[in-house]
Amino acid sequence: MTQAHSTPRITGVILAGGRGSRMGGQDKGLLELHGRPLVEYLLEALQPQVDAILINANRNQARYQQYHYPVISDDLSDYQGPLAGFAAAMQAAQTDYILTIPCDAPELAADTAARLLAALQREQAEIAVAHDGERLQPVHALLPVSLLPSLQAFLANGDRKIDLWYAQHRMASVDFSDCRRMFRNINTPQQQAELEQSSSSPDKGAKRRVEAAGRLGGVSSNGFPVIGVCAWSGTGKTTLLTELIPRLKAAGLSLTVIKHGHHNLELDTPGKDSYRFREAGADQVVLASRKRMAMMQECKTQREPELVDVLRLVNRDCADLVLVEGFKHTAIPKIEVYRPSVGKPLLYPNDSHVIALATDDMTLDVPAHVTKLDLNQPDSIAEFILQWRTRQLAPVTNTNATIRTAPSCADARDPGSLSITEARRRIMANLQAVAPALKRPLRDALGQVLAHAVISPLNVPNHVNSAMDGYALRSDDLPGDDSRAYRVIGKAFAGQAFSGECGKGECVRIMTGASMPAGADTVVMQEHTEAGAEGYIRIGTGHRAGQNVRQAGEDIAQGSTVLPAGHRVNPADLAVLASLGIAEVSVMRPLRVAFFSTGDELRSIGETLAEGQVYDSNRYALYGMLQQLNVDILDMGVVRDDPASIETALQQAAAAADVVLTSGGVSVGEADYIKGILAKLGQINFWKIAIKPGRPLAFGTLGKALFFGLPGNPVAVMVTFLQFVQPALLKLAGETEYEPLLLDAICQSRLKKQPGRTEFQRGIVRREAGKLVVDKAGYQGSGVLSSMSKGNCLIILPEETATVEPGDVVQVQVFGWSG
């Protein structure tokens, strides 16, 4: 990797230190693909990108050393995950950064290091992490070695989760959705077999080429299908495209055609205005007329353009299909045009992305994965492309038509949805507690959040006193080898101290809470004594000095912090504060939260329902959950599905409240207006999350107010409130403890789930034989409130989880309103 002296230097790190438990304990870096260990593919892909390479391996070090790169092992024993490999690499690297990649994903974009570094510098972040369009890929990361102390401290606490450590630092999420094949890894023998079948056998004597455009697959990150036409010069690519375009247009498609040229593009001529503007030094010239538009842009980098860059310029309205001529080394599906008369070799044996061969020699034998097409039959080639496009867009069919589908809440994966971790990070970032603080009488402070720490003005207890009813005496006068008789010289009660002094052979009858008599420092509880002669008691052996005595300040020392700022006052706190004589405390101003439901079908309780109408349950669920958080509530009722009405309601809510909540109207239906109005009045941060239930969730700002647009289904409303709204409200209210408590429980039900998004299923958790167990609470549909009412917890199933079997351990989030 050639770099200027000022460019940060990078060490590539192949993480091969795992246990490989799902592969029967095999070392995954040494698994073979087409006869070659996976580590060889990665070494070849890393070499041009980095200044040095390390292999992190905890076994088979001799095998890895044969590649002549340093092999390092984890400092932590017992295979403690990727973070252990990160730490070992940071200690060994002699560069500014390490680029980490897993050993079991054999493909790597040729500009991985450059993309991550550019994003890190552009966003002034500490860490850059790849994102595949659906979720973070946390092991594909660029990390400064200067973060080693932070990582070592994190590991020393016993933490091993990458996302939790990343959350401590400024992180740039870098889009690699155009090369998602680089995240195909091997976790099971089945995945190894699938990867073997779906990838071509490489030339063992040459390094694999992984182009900067990455693995686009059949559909770009913008959602339109992309297919290329490749051939040697003079074979007839352009001729074929001009024949295909009218046929594809006749099928009703909007087409974009991209052509890669190796020289200047002569679109304008001397004397024309566009020519004069460009020659004068304009970086970009746009020509616009009633019939068409054109753009010319100077490429000052002098590097060959990449298809991924060109695709960003494509107008989505003109791109039911994108046809590409050129860019033959880019990893997109391609039709190869081949004429034996041109005298050039076939391309497909060395390009696994060729899906069809259009040739005028129909006697050629081609492998099963390549479709042979007659070059002289453009109608059949056009039909092939149409069928391919239909498959790429995952069609839904009925008896009348084939339609193209978009991602929906029924899909397991949606590349436009944020992961739950990223959504929470965006919401919680930079939230500031409301101000100013208010003074409140002690009783009125119940349920409020302390604005300042409470410092004790005195000791509790404020004097040395007895913890038991019994007899106070001197510790140096306790019985030795035999019981002894002591003369009772007086009594001490709580609030009525004994005025004399206790001497040897003497004791004082004392009650709980009474001040210790002078000279006495030990109490023997009355149950451990017996009556003696008149005015005497007997005490046996086995007692220790200082027993049953509470020291002054033992509970609370004068000057110590009794309750920290950010603590929500509970009944026990009231008692503690009262014991200190504190009559009032400083608390945060309660949050003001406005909310309303949207939908013409909604009716309030007491109204008569017409056909198709339902009672609005969402506002009652929101009211109940908000009431428990001690916020000031502004219920704005039901707002009809009318843009003007919704806009007015949002403006009024934002003017009156710190936070605005709506339910319904954030999906993709014709009457779902919230998203568009929010874009007009405020700012949208995101509006889709990879969870179930609750995928459509808008988050942003309306002026100074925070905005949450919750889904319309009642269970989805409650789930999204608990996961996103409640933590945000608690933090805004000034609380320091705002994350929900999660518990492990043994699942007793079989739970169905597809990997790709986090799911929250309603459950009933209980203690059985000393352990927590959980069952699902009935039907799990997002509109079924009864299972939410029956349940007392949410069962949390992470993105990567598939079906849960009885006996599996799951995490549960217990409802705060459950008894």
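The present account deals with the structure reproduced in this document. Note that the coordinates shown come from a computational prediction; the quantities given were computed from them, not determined experimentally.

Some words on the overall build of the protein chain
Secondary structure assignment for the protein chain yields 18 helices and 45 strands. Expressed as a percentage of contacts within the protein chain between residues at least 6 apart in sequence, the contacts between residues at least 24 apart total 69%. Summed over all atoms, the accessible surface of the protein chain reaches about 40,000 Å², with 49% contributed by carbon and sulfur.

Observations regarding the side chain of Glu 44
Along the chain, Glu 44 falls in helix α1 (residues 38-46). By relative accessible area, Glu 44 is classed as buried at 12%.

Section: the sheet that holds strand β27 (residues 529-531)
Here 6 strands make up an open sheet; going across it, the order is β26-β23-β25-β24-β28-β27 and the pairing mixed. Either end of the sheet is taken by a strand with one partner, and the two such strands are β26 (522-525) and β27. This sheet shows a mean twist of 40 degrees between the axes of neighbouring strands, independent of strand direction. Bridge count for strand β23 (residues 470-473) against strand β25 (residues 506-510) is 3 bridges, and the pairing is antiparallel. Considered in β25, the bridge of Tyr 471 is made with Arg 509.

Observations regarding the packing of helix α12 (residues 420-428) against helix α17 (residues 714-732)
Pairs of packed helices are described in terms of their axes, by the angle between the two and the distance that separates them. The N-to-C vectors of α12 and α17 enclose an angle of 25 degrees; their axes lie 10 Å apart at closest approach. By the angle between their axes, α12 is roughly parallel relative to α17. In this structure, the crossing between α12 and α17 has a hand that is right-handed. Contacts between α12 and α17 pair Ile 420, Ala 423, Arg 424, Ile 427 and Met 428 from the former with Gln 723, Phe 724, Pro 727, Ala 728 and Lys 731 from the latter.

Comments concerning the environment of Val 354
Examined against the element boundaries, Val 354 turns out to sit in strand β16 (residues 354-359). For Val 354 and Glu 336, which are 18 residues apart along the polypeptide, the C-alpha to C-alpha distance reads 6.5 Å. Not counting residues within four places of it along the chain, the set of residues in contact with Val 354 comprises Cys 230, Lys 334, Glu 336, Tyr 348, His 369 and Val 370.

Description of the pattern of salt bridges
Between side chains of opposite charge, pairing is possible as soon as their charged atoms come close. For the structure shown, the criterion picks out 25 salt bridges. The closest approach of N and O atoms between Asp 775 and Arg 766, which form a salt bridge, is 2.8 Å. If you follow the salt bridges from partner to partner, you end up with Arg 36, Glu 40 and Glu 44 in one network.

Considerations on the packing of aromatic side chains
Per the counting criterion, the structure on display carries 3 aromatic pairs. Between Trp 165 and Tyr 166 the ring centres are 5.9 Å apart and the planes differ by 40 degrees, which places this aromatic pair in the tilted class. As far as the burial class goes, Trp 165 and Tyr 166 line up, both buried. Between Phe 176 and Phe 183, the ring centres sit 6.4 Å apart and the planes meet at 85 degrees, which makes this aromatic pair edge-to-face. The buried category is assigned to Phe 176, whose relative accessible area is 0%. Lying across the ring of Phe 724, Arg 424 places its NZ or CZ 6.0 Å from the centre. Above the face of the Tyr 471 ring, Arg 509 is positioned so that its terminal group lies 5.2 Å from the ring centre.

Re the sheet that holds strand β11 (residues 255-259)
The strand order β11-β14-β10-β15-β16-β17 describes an open sheet built from 6 strands, whose pairing is parallel. Sheet topology places β11 and β17 (371-374) at the edges, where each strand pairs with a single neighbour. Here the strands of the sheet are splayed against their neighbours by 25 degrees on average, with no regard to which way each runs. Pairing between β11 and strand β14 (residues 321-325): 5 bridges, direction parallel. Paired with Ile 258 across the strands is Val 324, a residue of β14. Running over the sheet, helix α11 (residues 378-392) touches β10 (226-230), β14, β15 (334-338), β16 and β17 and is turned about 145 degrees from β17.

What about the nonpolar core?
The biggest cluster of nonpolar side chains holds 46 residues, and the ones touching the most others in it are Leu 661, Phe 708, Phe 721, Phe 724 and Leu 729. Among the secondary structure elements, those contributing two or more residues to this core are α12, β32 (592-598), α14 (618-627), β36 (659-663), β39 (696-702), β40 (705-710), α17 and β44 (793-797). Ranked by residue count, the leading element in this core is α17, at 12 residues. Other than its neighbours up to four places away in sequence, Phe 721 contacts Leu 622, Met 625, Leu 626, Leu 629, Leu 661, Gln 726, Pro 727 and Leu 729. Of all hydrophobic cores here, the second largest spans 37 residues; its members include Leu 46, Val 71, Ala 113 and Met 182.

Examining a nonpolar patch on the surface
A contiguous nonpolar surface patch, about 420 Å² in accessible area, is contributed by Val 286, Met 293, Met 295 and Leu 313. Within the secondary structure, Leu 313 sits in the loop between α10 (307-311) and β14.

As for unusual backbone geometry
Following Val 460, the chain continues to Pro 461 via a peptide bond in cis, the omega torsion being -5 degrees. Its location among the elements puts Pro 461 in the loop between β21 (454-455) and β22 (465-466). Pro 693 follows Lys 692 through a cis peptide bond whose omega is -10 degrees. Inspection of the secondary structure puts Pro 693 in the loop between β38 (691-692) and β39. The phi dihedral of Asn 60 is positive, around 55 degrees, even though this residue is not glycine. With respect to the helices and strands, the residue Asn 60 is situated in the loop between β4 (52-57) and α2 (61-65).

Some details on helix α5 (residues 148-156)
All of the buried residues in α5 are Leu 148, Leu 151, Phe 154 and Leu 155. Around the axis of α5, the buried residues are gathered within 125 degrees of arc, so they sit on the same side. Away from its buried face by more than 90 degrees, α5 exposes Pro 149 and Ala 156. Taken together, the buried residues of α5 touch α3 (82-92) and α6 (162-166). Count one or two residues on from α5 and you reach Gly 158, which has phi positive near 85 degrees.

Considering helix α8 (residues 237-250)
In a regular helix each residue adds 1.5 Å, so 14 residues correspond to 20 Å; α8 covers 20 Å between its end C-alpha atoms and thus fits that length. Along α8, the residues that are buried comprise Lys 237, Leu 240, Leu 241, Leu 244 and Leu 248. Those residues of α8 that are buried are in contact with β10, β11, β14, β15 and α11. Just downstream of α8, Gly 252 is the residue with a positive phi angle, here 90 degrees.

Considerations on the packing of α14 against α17
Their axes nearest at 10 Å, the elements α14 and α17 cross at an angle of 30 degrees. In this view, α14 runs roughly parallel relative to α17, as classed from their interaxial angle. At the point where α14 passes α17, the crossing takes the right-handed sense. From α14, Asn 618, Ala 621, Leu 622, Met 625 and Leu 626 reach across to α17, where they touch Pro 714, Val 717, Met 718, Phe 721, Leu 722 and Leu 729. A per-class count over the contact of α14 with α17 returns 10 nonpolar, 1 polar and no charged.

Considering the pairing of β16
The buried count for β16 comes to 5 of 6 residues, which makes it a mostly enclosed element. By the bridge criterion, 5 bridges tie β15 to β16 in an arrangement that is parallel. When the bridges of β16 are listed, Ile 335 appears paired with Ala 356. By the bridge criterion, 4 bridges tie β16 to β17 in an arrangement that is parallel. Bridging across to β17, Thr 359 finds its partner in Asp 374.

What counts as what
Residues numbered from 1 in each chain as written. Predicted model: local features only at pLDDT ≥ 70, side-chain atom pairs only at ≥ 80, totals over all residues. Heavy atoms only, no water. Helix = DSSP H or I, 4+ residues; strand = E, 2+ residues; numbered from the N terminus. Contact = heavy atoms within 4.5 Å. Areas by Shrake-Rupley, 256 points an atom, 1.4 Å probe, with all protein chains shown as cover. Buried < 20%, exposed > 50% of the residue type's maximum accessible area, 1.4 Å probe, protein only. Pairing = 2+ DSSP bridges. Axes fitted to C-alpha atoms, helices over the stretch in contact; angles between N-to-C directions. Parallel < 35°, antiparallel > 145°, perpendicular 65-115°, else oblique. Left-handed = near helix turned anticlockwise from the far one by under 90°. Salt bridge = Lys/Arg side-chain N within 4 Å of Asp/Glu carboxyl O. Phe/Tyr/Trp six-rings, centres within 6.5 Å; stacked < 30°, edge-to-face > 60°. Lys NZ or Arg CZ within 6 Å of the ring centre and 35° of its normal. Core = buried A, V, L, I, M, F, W, Y, C linked by side-chain atoms within 4.5 Å. Patch = residues over 30% accessible without salt bridge, like charges linked within 9 Å, V, L, I, M, F, W, Y side chains within 5 Å. Arc of directions from axis to C-beta. Expected span 1.5 Å × (residues − 1). Nonpolar A, V, L, I, M, F, W, Y, C, P; charged D, E, K, R; others polar.

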